[in-house]
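This is what each chain is made of:
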Amino acid sequence: MASYYDIDDIIAEEEPVSVIFQKPANGVGIDPSAEKNCVDQGSKVELPFWLANELCQRNAVSVLVPACFDEKTRLEIQADPACVDLRSRSPYFYEFGCKMVPIVGDRTLGFLLFSAFRSRYKEVLTKAHTASHVAAPKILSRLTKEEVNLYEAAQSSVAAFKKWRVGGRRFQPASVLGRKRRSEE
Amino acid sequence: MAVQSEPDYSLFTAQEIEFVAEDELIEIVPNMRMDPLNLICGDFGPFLPQIAAQVPLWLAVALKKRGKCTIRPPEWMSVEKLTRVLEAERDSEREFQLLPFHYVEISRLLFDHARDDIPDIYMVRSLIEDIRDVRFHKVQSSLETFDGRTSAVQIKSLSAMEVNIVRPFVARALQSFQKLDSLLPETDSTPNNQPQEADKASKGRRVLRGR
């Protein structure tokens, strides 16, 4: 699922997350606006997800639900999932949400992700297979990375099929042969 | 297969599917005499003038290009049969009509190389296009009914090219659904699946799961 070298995974883990420190931390200048070099207990700091995850496993912080899953987004998703611009919230909406579920204390996050994906999936399905290149940019700007993957997979296979159907030469001379050769004399 | 453009899911290009389709047997009427051909895939011949013979499609096309035979179109490729298939496709919402697995590729090859051997070629061509459109829309509408519990998809009587088009999309969609479904707390959803399975098995039809 999450592989160490997967670029998308790495970037998804960079998303900022608000945490509240349960224990004071000395000698770390995490909060750039603070003058002193340590973090007090109970202070709220924005950290990247990978750091928040590690600290949470050591029970040093408690994680709050990030802004992209807030009430406004939830209401929008319940109203009409297909039109919500998830990319502006976070291009890694689903991946990030999947990682958040075990550490944040919110039971409904999983349901939210799942229902959003299921409703949007139908839209992606129909648009991907039938839309031409002209209509593409409108919906693409609303999809997260994962949905764009799906979309492009379908697009490329439909395009390849259409190209094949038109026909054409089965065997093409290799491009290497096209170049003029210098005479060996 | 040969082209690894997406490392996650091996994809057959359309040309590769066509290559596999060329192994299908088809009937030809040679106009010359030739000794039997002993090929790895089988023995064909001897070829006598005006006596029909069954050969693989690639061999038929090659002979036709050299002007040594005429190809007899397969029996499913007549205007009446195709019209009936089209009507049946339009009538039934979920089921696909039984067509040869490689009908798209075979028909395209025959249109390209054996134009004069097919009666009413324009009618046949438009019928096949319509059938393909209807089937593809049916595939799309039946793919809409996924949910988290779907672990495999079975569609009966789908042809090779149609499967190839939806293959990457379906694979990725299923993976995403599984990933998101694993986030949900465990509900007692498994008992639901059992009676559905028994129903489908008893009907003898293989339908999409999760419907």
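Residues numbered from 1 in each chain as written. Chains lettered and ligands numbered in written order. Predicted model: local features only at pLDDT ≥ 70, side-chain atom pairs only at ≥ 80, totals over all residues. Heavy atoms only, no water.

Remarks on the overall build of chain A
When its secondary structure is counted, chain A shows nine helices and three strands. Reading the secondary structure of chain A in the N-to-C direction produces α-β-β-α-β-α-α-α-α-α-α-α. A burial count over chain A gives 39% of its 185 residues as buried. A sequence separation of at least 24 residues applies to 66% of the contacts in chain A between residues at least 6 apart. Carbon together with sulfur atoms contributes 54% to the accessible area of chain A, which is approximately 11,500 Å² in total. (Helix = DSSP H or I, 4+ residues; strand = E, 2+ residues; numbered from the N terminus. Buried < 20%, exposed > 50% of the residue type's maximum accessible area, 1.4 Å probe, protein only. Contact = heavy atoms within 4.5 Å. Areas by Shrake-Rupley, 256 points an atom, 1.4 Å probe, with all protein chains shown as cover.)

A word on the sheet that holds strand S3 (residues 61–63) of chain A
All names here are of chain A. The strand order across the open sheet formed by three strands is S2-S1-S3, and the pairing between neighbours is antiparallel. Across the chains shown, the open sheet's two edge strands, defined by having one partner strand only, are strand S2 (44–48) and S3. Here the average twist between neighbouring strands, direction ignored, is 45 degrees. Examined bridge by bridge, strand S1 (residues 16–21) and S2 share five bridges and lie antiparallel to one another. Its bridge partner lying in S2, Val17 is registered against Leu47. Packed on one face of the sheet, helix H2 (residues 49–57) meets S1, S2 and S3 and runs near 115 degrees to S2. (Pairing = 2+ DSSP bridges. Axes fitted to C-alpha atoms, helices over the stretch in contact; angles between N-to-C directions.)

Comments concerning the sheet that holds strand S5 (residues 69–72) of chain B
Residue and element names in this part refer to chain B. With respect to topology, three strands assemble into an open sheet ordered S4-S1-S5, the strand pairing being antiparallel. Of all the strands in the sheet, just strand S4 (53–56) and S5 have a single pairing partner and so form its edges. Each strand axis lies, on average, 45 degrees off the axis of its neighbour in the sheet, ignoring direction. Here four bridges tie strand S1 (residues 25–30) to S5, and the two strands are oriented antiparallel to one another. Along S5, the bridge assignment pairs Pro30 with Cys69.

Considering the pairing of S1 of chain A
Judged from the three bridges that link them, S1 of chain A and S3 of chain A form a sheet pairing that is antiparallel. Bridged to Val19 of chain A within S3 of chain A is Val63 of chain A.

With respect to the packing of aromatic side chains
Applying the stated criterion across every chain yields a total of one aromatic pair over all chains. Centre to centre, the rings of Phe161 of chain A and Trp164 of chain A are 5.9 Å apart; their planes meet at 35 degrees, and the pair counts as tilted. Taken as a pair, Phe161 of chain A and Trp164 of chain A lie in helix H8 (residues 145–166) at a separation of three residues, close to a single helical turn. One exposure class covers both Phe161 of chain A and Trp164 of chain A, and it is buried. The ring of Trp164 of chain A carries the charged tip of Arg108 of chain B above its face, separated from the ring centre by 4.7 Å. (Phe/Tyr/Trp six-rings, centres within 6.5 Å; stacked < 30°, edge-to-face > 60°. Lys NZ or Arg CZ within 6 Å of the ring centre and 35° of its normal.)

Re the nonpolar core
By size, the foremost hydrophobic cluster in this structure holds 100 residues, and its most contacted members are Val63, Phe69 and Met100 of chain A together with Leu110 of chain B. Residues within four places of Leu110 of chain B in sequence aside, it is in contact with Ile26, Leu57, Ile71, Pro74, Met77, Arg115 and Ile118 of chain B. (Core = buried A, V, L, I, M, F, W, Y, C linked by side-chain atoms within 4.5 Å.)

Digging into the interface of chain B and chain A
At the interface, 33 residues of chain B touch 32 residues of chain A. Taking the shortest distance from any N to any O, the salt bridge between Glu129 of chain B and Arg165 of chain A comes out at 2.9 Å. On inspection of chain B and its partner chain A, the count reaches four residue pairs in polar contact (both at pLDDT 80 or more). When residues of the side of chain B that touches chain A are traced back to their parent elements, those giving at least two are helix H1 (14–21), helix H4 (103–113), helix H5 (121–143) and helix H6 (160–181) of chain B. If you tally residues by element for the side of chain B that touches chain A, the top one is H6 of chain B, at 12 residues. When its residues are assigned to classes, the side of chain B that touches chain A shows 17 nonpolar, four polar and 12 charged. (Salt bridge = Lys/Arg side-chain N within 4 Å of Asp/Glu carboxyl O. Polar contact = N/O pair within 3.5 Å; in protein donor to acceptor, adjacent residues only side chain to side chain. Nonpolar A, V, L, I, M, F, W, Y, C, P; charged D, E, K, R; others polar.)

Here's the deal with the state of the cysteines
Residues and elements named next belong to chain B. Applying the stated criterion to the full structure yields zero disulfides over all chains. Free of any disulfide, Cys41 has its nearest cysteine sulfur in Cys69, 16 Å distant. In this structure Cys41 comes out as exposed when scored by relative accessible area, which is 52%. By relative accessible area, which is 4% here, Cys69 ends up buried. (Disulfide = S-S within 2.5 Å.)

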